[in-house]
Amino acid sequence: MNQKSSGTTNESLFARAQQTTPGGVNSPVRAFRSVGGTPRFITKAQGPYFWDAEDRRYIDYIGSWGPAIVGHAHPKVVRAVQEAAARGLSFGAPTEGEIEMAEEICKLVPSIEQVRLVSSGTEATMSALRLARGATKRDKIVKFEGCYHGHADSLLVKAGSGLLTFGNPTSSGVPEDFVKHTLVLDYNNTQQLEEAFKAAGNDIACVIVEPVAGNMNLVRATPEFLQTMRRLCTEYGAILIFDEVMSGFRVALGGAQSLYDIIPDLTALGKVIGGGLPVAAFGGRADIMKHLAPLGGVYQAGTLSGNPVTVAAGLTTLQIVQEADFYTKLSAQTRKLTDRLCEAAKAADVAFSADTVGGMFGLYFAPSVPTSYAEVMQGNKDKFNVFFHAMLDAGVYLAPSAFEAGFVSAQHDDAVIEATIAAARTAFAAIK
Ligand code: PLP
C-alpha cells in the first residue's frame, strides 16, 4: 500500500492527504510550514538515505527525528522485528523481552534503578511529572523556555510576564488552570534558577530539562547550570527529571547525564530506544518509582506498553550501539560534517556556525553558537530557508525548520558527508 503508484507526485499526495488529515500530516513539523513548499512523501529508506514518491533519493539528516541512529532498515533490526511479529503482535501480558529491555536500560544508564516502558516520549514525560508530583505531594513544576517535552497539557507552556508568574499555554485547548503550576525559566540562566528556588523551592515538585536541548535547534546546557539544578533539587527535596528522549543514546551511550556526570532522579527516554518503532520509557530512583501503580498510588498504564515487536526493535538497536567505538565514530562523523559545512560557509562568506554533541548537530545562520532560546531566535530564518530548499533540491534532507536539531547515523560514511558538502557549497552560494 505504501508503494508508489505511477504518476504519483509529492504534490498530488499532499493534496490528497489534506482531504482526510488536518494539514495533510500526522505531526505538524512534517508539513513544511516553516520553510514553505511541498512535503516529501517517503516510500522507503535504507542506511543514510530515503526516497520520495517521485523516486528521488535524499541523504537523510533527520533520522525519523532521532531514532534511526544505526541507519534505516538495519538488517539486524528488521530481522528481529520480523521474528517477533511472527510470534504474535501483542499480548497484553508480560514478556521476557520487557525484562531484558529494562535490564539493558538500567545497565546502560546507571541513574535508572527501575524503569517503566511506554509508547511515546510524551507519555514518558507526562508520567514522570505525575510521578514526581505524587511522590513529593507538591504541584509546582519548573521547565525552561525552548525545551520541548511532548504535548502533555502542563508542558505546553511559555514564560509568563515575571519570574514567579506562572506560564501561558502555547496551545489553544490548554486551560490556564492546567498550566498555573508550571514555572517557565530561561535555559542556562543559573541565577534565575537560584532566585526561583529561593522564592518557591518548597513548593516545587520537579524540574524538567533537556540537558542537551534539541528542540530549539541544538543548545548545550552549561555544566554550571545543570550542577546548580542538581544542588537546588537536592536541597529543596524537588525531583530532577532529565528529559533524554532525544539525547538518550544519541549524544553518548549513557546519555547527556554521562557527559555531564550528573545523576538525575528520573530520566525520560524515547526515540533511539525504539529503533524506529514506538518505545519510550521513564525511570530512575527505585524509592521514587515505587509510587507507581500497582505498587503505589500514582496511576500509569498502557495497552501497548512493552509491546513485543517494538521491544525487539529497541533491544536490537541497543545491542548495536554497544558495538566497539560506535559513539566515537558517530561523533567524529558528525563533527566532520559540521566542520566541513563551516568551511563551505566561510568560503561563501555566509555568517554561519554549528555545534555537535555525539550524533546530534545544530546549524545556525548566526556568527556564533547560541546558548539560549532568545539567542536561537536571533538566527537568520530566511537564510536557513533558502539553504534548506537548495539542499533539498540537491538531494539532502535537513530538518524543515531553522529551530530543529539534525541527526547523523552510523551509516553516514565519508562519501555521504562529501556529497552533502558538495550540495552545501551550491546552497551557501545561493544565499548570497
Ligand atoms: N521530549 C523530547 C526532548 C523530545 O524531543 C520529544 C519529541 O521530539 C518528546 C519529549 C516527545 O516525544 P514523542 O514525540 O515521542 O511524544
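How each quantity is defined
- Residues numbered from 1 in each chain as written.
- Predicted model: local features only at pLDDT ≥ 70, side-chain atom pairs only at ≥ 80, totals over all residues.
- UniProt positions renumbered as here; feature names shortened; annotations may be inferred.
- Near = placed C-beta within 6 Å.
- Helix = DSSP H or I, 4+ residues; strand = E, 2+ residues; numbered from the N terminus.
- Nonpolar A, V, L, I, M, F, W, Y, C, P; charged D, E, K, R; others polar.
- Axes fitted to C-alpha atoms, helices over the stretch in contact; angles between N-to-C directions.
- Parallel < 35°, antiparallel > 145°, perpendicular 65-115°, else oblique.
- Left-handed = near helix turned anticlockwise from the far one by under 90°.
- Contact = placed C-beta atoms within 7 Å.
- Pairing = 2+ DSSP bridges.
- Expected span 1.5 Å × (residues − 1).
- Buried ≥ 20, exposed ≤ 12 C-beta atoms within 10 Å, placed from the backbone.
- Arc of directions from axis to C-beta.

As annotated in an unreviewed UniProt entry, the protein chain is Glutamate-1-semialdehyde 2,1-aminomutase from Herbaspirillum rhizosphaerae. What UniProt records for the protein chain under Subcellular location (unreviewed entry) is the sentence "Cytoplasm".

## Thoughts on the site of the ligand
Around the ligand sit 16 residues in total, of which S120, G121, T122, G150 and V245 are the nearest. Broken down by element, the shell around the ligand gets its largest block of residues, three residues, from helix α4 (residues 121-136). Its residues assigned to classes, the shell around the ligand shows five nonpolar, nine polar and two charged.

## Quick look at the packing of helix α13 (residues 381-393) against helix α14 (residues 414-431)
Across the interface, α13 lies against α14 with an axial gap of 9 Å and an inter-helix angle of 140°. In terms of orientation, α13 lies oblique with respect to α14. Viewed along their axes, α13 and α14 form a crossing whose handedness is right-handed. Along the contact surface, α13 presents K383, V386, F387, A390 and M391, while α14 presents A423, A424, T426, A427, A430 and I431.

## A look at the sheet that holds strand β1 (residues 42-46)
Strand order in the open sheet formed by four strands is β1-β2-β3-β17, and the pairing between neighbours is mixed. Where the open sheet ends on each side, the last strands, each with one partner, are β1 and β17 (396-397).

## Points about helix α2 (residues 75-86)
End to end, α2 covers 16 Å across 12 residues, agreeing with the expected 16 Å (1.5 Å per residue, within 8%). Buried residues of α2: V77, A80 and A84, and no others. On an axial view of α2, the arc spanned by its buried residues comes to 65°, and they lie on one face. Counted as exposed and oriented over 90 degrees from the buried face of α2: P75, R79, Q82, E83, A85 and A86. Among the structural elements, α10 (308-320) are those in contact with the buried residues of α2. Where α2 ends, the next residue or the one after it, G88, has phi of about 125°, a positive value.

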